[in-house]
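Structure assessment
The chain contents come next:
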Amino acid sequence: LLLIGGEQDEIIPAHLSKKNADAYTDPGSVTTFKEYPGRSHYICGEPGWAEVAAYVAEWLAEQVVTVPGLRAQDVRNAPLTF
């Protein structure tokens, strides 16, 4: 589970997303929290969205090594189109 927060998010403040990420304490849980300074709730629609998308793609690539038939480089090399 990847939770992303914007420092200036007034809808779901980053500290709440961090608290949710920290709540997953099961040994099998894979959780990561990433906060972006100066970003709001509209984090993927703001200037710099490609940085966030690249981070998500890299995070996914690191996780998919356990998915049969899916290679990390396939995720890393997937085009970012919106």
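So, a few notes on the structure that sits alongside this text. (Residues numbered from 1 in each chain as written. Predicted model: local features only at pLDDT ≥ 70, side-chain atom pairs only at ≥ 80, totals over all residues. Heavy atoms only, no water.)

Here we come to the packing of aromatic side chains. Evaluated as defined, the whole model comprises 1 aromatic pair. Aromatic pair Y36 and Y55: ring centres 6.4 Å apart, planes at 85°, arrangement edge-to-face. Separated by 19 residues along the polypeptide, Y36 in strand β2 (residues 32–36) and Y55 in helix α2 (residues 49–63) bring together distant segments of the chain. Looking at Y36, the relative accessible area reads 3%, which means it is buried. Judged by its relative accessible area of 24%, Y55 falls in the partly exposed class. Stacked on the ring of Y55, the Lys or Arg K34 has its end atom at 5.1 Å from the ring centre. (Phe/Tyr/Trp six-rings, centres within 6.5 Å; stacked < 30°, edge-to-face > 60°. Helix = DSSP H or I, 4+ residues; strand = E, 2+ residues; numbered from the N terminus. Buried < 20%, exposed > 50% of the residue type's maximum accessible area, 1.4 Å probe, protein only. Lys NZ or Arg CZ within 6 Å of the ring centre and 35° of its normal.)

For the coordinates displayed, the defined rule picks out 2 salt bridges. Residues D22 and K18 are paired through a salt bridge, measuring 2.9 Å at the closest nitrogen-oxygen approach. With D22 and K18 both in helix α1 (residues 14–23) and 4 residues apart, the pair spans about one turn of that helix. Given the relative accessible area of 47%, D22 is considered partly exposed. (Salt bridge = Lys/Arg side-chain N within 4 Å of Asp/Glu carboxyl O.)

With respect to the helices, strands and loops of the structure, W59 is situated in helix α2. Exposure remark for W59: the relative accessible area of 10% places this residue in the buried category. In this structure the C-alpha to C-alpha distance between W59 and T32, which are 27 residues apart in sequence, comes to 8.9 Å. Only 2.8 Å separates the side chain of W59 from the side chain of T32, close enough to count as a polar contact. (Polar contact = N/O pair within 3.5 Å; in protein donor to acceptor, adjacent residues only side chain to side chain.)

Turning next to the side chain of E46. Relative to the helices and strands, E46 is located in the loop between β2 and α2. Buried and without a salt bridge, E46 has R39 as its closest oppositely charged side chain, separated by 4.5 Å. For E46, the side chain forms a polar contact with the side chain of S40, separated by 2.4 Å. Other than its neighbours up to four places away in sequence, E46 contacts R39 and S40. (Lys, Arg positive; Asp, Glu negative; His and termini not counted. Contact = heavy atoms within 4.5 Å.)

The terminal C-alpha atoms of α2, which comprises 15 residues, lie 21 Å apart, in line with the 21 Å expected from a rise of 1.5 Å per residue. Within the span of α2, buried status applies to V52, A53, A57, W59 and A61. (Expected span 1.5 Å × (residues − 1).)

Fair warning: the whole summary comes from geometry, so function is off the table for now.
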